[in-house]
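# Fold and contact review
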Amino acid sequence: MLVCGVYLIAAMAQLCVGWWLDRRSLKSVFVPVVALQVPLLALAGTMDNYLMLATAVAMMFFVFGQIPINDAMIARYTRGMARARLRGALRRLLRASALAVPLVAWVYKSSGDFRLLYYVLGTLAFVTFTAALVFPAEQEKAVAKGAAA
């Protein structure tokens, strides 16, 4: 029930980030969403009980919030058949992500907790954050809408 509650709250991030993407540039949304993942993943490796539950809600909010950003990248930077091929490739990659389950089991079995897993995920989030910083800037949509009105 607790995991269900965490995921229900985190799923709202997709709506919030989608709304934000409609009004701002992709980079101005991408950078803060992924930046907040880094400390939350690191913090999750140190929390227990109800503090972990609160951390999980915040952490998963920003992890789920990245989903519409990834879709927006594909939509804005690819056209026609290239978009279809990229989406197909991503679906195949997601099937390969089923390897995550045995990986999580191996990490838990070898270390006795999930601390290492959260630190690895935090490191990957930091790499993504670094990539977000060099992501090409776009014109702010709110400014463009204001000029058109």
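The model shown is predicted, which means the values in this text are computed figures rather than measured ones.

A positive phi is found at Asn-49, a non-glycine position, where the angle reads about 55°. Here Asn-49 is to be found in helix H3 (residues 49-77). For Asn-49, a relative accessible area of 69% corresponds to the exposed category.

Quick look at a nonpolar patch on the surface now. Residues Leu-116, Val-120, Leu-121 and Leu-124 make up a contiguous nonpolar surface patch of roughly 320 Å² in combined accessible area. Tracing the chain through its elements places Leu-124 in helix H6 (residues 115-133).

Moving on, we come to the packing of helix H1 (residues 2-23) against H3. If you want to describe how two helices pack, look at the angle between their axes and the distance between the axes. H3 packs onto H1 with a crossing angle of 40° between their chain directions and a minimal axis gap of 7 Å. Classified by the angle their axes make, H1 and H3 are oblique. For the element pair H1 and H3, the recorded crossing hand is right-handed.

Along the chain, Asp-113 falls in the loop between helix H5 (100-111) and H6. For the pair formed by Asp-113 and Gly-45, sequence separation is 68 residues and the distance between their alpha carbons is 9.0 Å. Other than its neighbours up to four places away in sequence, Asp-113 contacts Val-107 and Tyr-108.

Here we come to the side chain of Gln-66. As for its placement among the helices and strands, Gln-66 is situated in helix H3. The buried category is assigned to Gln-66, whose relative accessible area is 14%. A polar side-chain atom of Gln-66 sits 2.9 Å from a polar atom in the side chain of Gln-37. In contact with Gln-66, other than residues within four places in its own chain, are Phe-30, Val-33, Val-34, Gln-37 and Thr-128.

Rules and cut-offs
Residues numbered from 1 in each chain as written. Predicted model: local features only at pLDDT ≥ 70, side-chain atom pairs only at ≥ 80, totals over all residues. Heavy atoms only, no water. Helix = DSSP H or I, 4+ residues; strand = E, 2+ residues; numbered from the N terminus. Buried < 20%, exposed > 50% of the residue type's maximum accessible area, 1.4 Å probe, protein only. Patch = residues over 30% accessible without salt bridge, like charges linked within 9 Å, V, L, I, M, F, W, Y side chains within 5 Å. Areas by Shrake-Rupley, 256 points an atom, 1.4 Å probe, with all protein chains shown as cover. Salt bridge = Lys/Arg side-chain N within 4 Å of Asp/Glu carboxyl O. Axes fitted to C-alpha atoms, helices over the stretch in contact; angles between N-to-C directions. Parallel < 35°, antiparallel > 145°, perpendicular 65-115°, else oblique. Left-handed = near helix turned anticlockwise from the far one by under 90°. Contact = heavy atoms within 4.5 Å. Polar contact = N/O pair within 3.5 Å; in protein donor to acceptor, adjacent residues only side chain to side chain.

What is shown is where atoms sit, not what they do.
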